[in-house]
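Notes for the structure review
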Amino acid sequence: MIEDDGSEIRFFLKGKGVIYYEKIKSNAHNVMSVLRNFGTTETMRSELAEMGIPFSYPKPIQLLSYLVGIFSRKDSIVLDSFAGSGTTAHSIIQTNNKNRDTRRFILCQMPYESAKQEGDDENIARDITAERVRRVIEGYTDSKGKAVEGLEGGFQYC
């Protein structure tokens, strides 16, 4: 049986004659959250693409900025142990720049297997996380050739 949203429903019969079903979704759907208007991974993915940085599921910068504002002081050190594309650093640099705060950040990103080509030495911490932070600080030229001004600041990469 096919539902309106394109998903398929399969029915099964258990040993004692109980009928149950399983819904098989063909298209992924966004998970709804109680937090609204904080951006989406799709929007953030597009913004990163403009920076020339490929990343599948980046955290929304508006969400991280909101959380950092609530759960830290203006001079805190924020630890992100799953740094991914560097959204936490981006949000802290942006917030510091806007409010003249002095928050600092520590980002940790473990290497992981990705869909890379044979012989490719892709390093997510170097090629994605640190590169994004570098571009946020120094500025960059987007995919349309427009110069985007940096937010200033600094960081160390180890």
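The rules behind the values
Residues numbered from 1 in each chain as written. Predicted model: local features only at pLDDT ≥ 70, side-chain atom pairs only at ≥ 80, totals over all residues. Heavy atoms only, no water. Helix = DSSP H or I, 4+ residues; strand = E, 2+ residues; numbered from the N terminus. Buried < 20%, exposed > 50% of the residue type's maximum accessible area, 1.4 Å probe, protein only. Contact = heavy atoms within 4.5 Å. Axes fitted to C-alpha atoms, helices over the stretch in contact; angles between N-to-C directions. Parallel < 35°, antiparallel > 145°, perpendicular 65-115°, else oblique. Left-handed = near helix turned anticlockwise from the far one by under 90°. Nonpolar A, V, L, I, M, F, W, Y, C, P; charged D, E, K, R; others polar. Salt bridge = Lys/Arg side-chain N within 4 Å of Asp/Glu carboxyl O. Pairing = 2+ DSSP bridges. Right-handed = clockwise from strand over helix to strand, strands pointing away.

**Here we look at the overall build of the protein chain**
Assigned secondary structure in the protein chain consists of 4 helices and 6 strands. Put simply, the protein chain runs from its N terminus to its C terminus through helices and strands in the order β-β-α-α-β-α-β-α-β-β. Here the protein chain holds 158 residues, and the buried ones make up 30% of them. Pairs at least 24 residues apart make up 51% of the contacts formed inside the protein chain by residues separated by at least 6 positions.

**With respect to the packing of helix α3 (residues 87–99) against helix α4 (residues 124–138)**
As a packed pair, α3 and α4 sit with axes 9 Å apart at the nearest point and diverge in direction by 15°. Classified by the angle their axes make, α3 and α4 are roughly parallel. Along this stretch, α3 crosses α4, giving a crossing that reads as right-handed. Where α3 abuts α4, its residues T87, A89, H90 and I93 lie against R132, V133, V136 and I137. A breakdown of the residues in the contact of α3 with α4 according to their chemical character gives 5 nonpolar, 2 polar and 1 charged.

**What about the pattern of salt bridges?**
Following the criterion strictly, the structure yields 7 salt bridges and no others. Where salt bridges share partners, they join K74, D101 and R103 into one cluster.

**Quick look at the pairing of strand β4 (residues 104–107)**
Note: strand β3 (residues 77–80) against β4, 4 bridges, orientation parallel. Within β4, the residue paired with V78 across the bridge is F105. With α3 bridging β3 and the parallel β4, this β-α-β connection has right-handed handedness.

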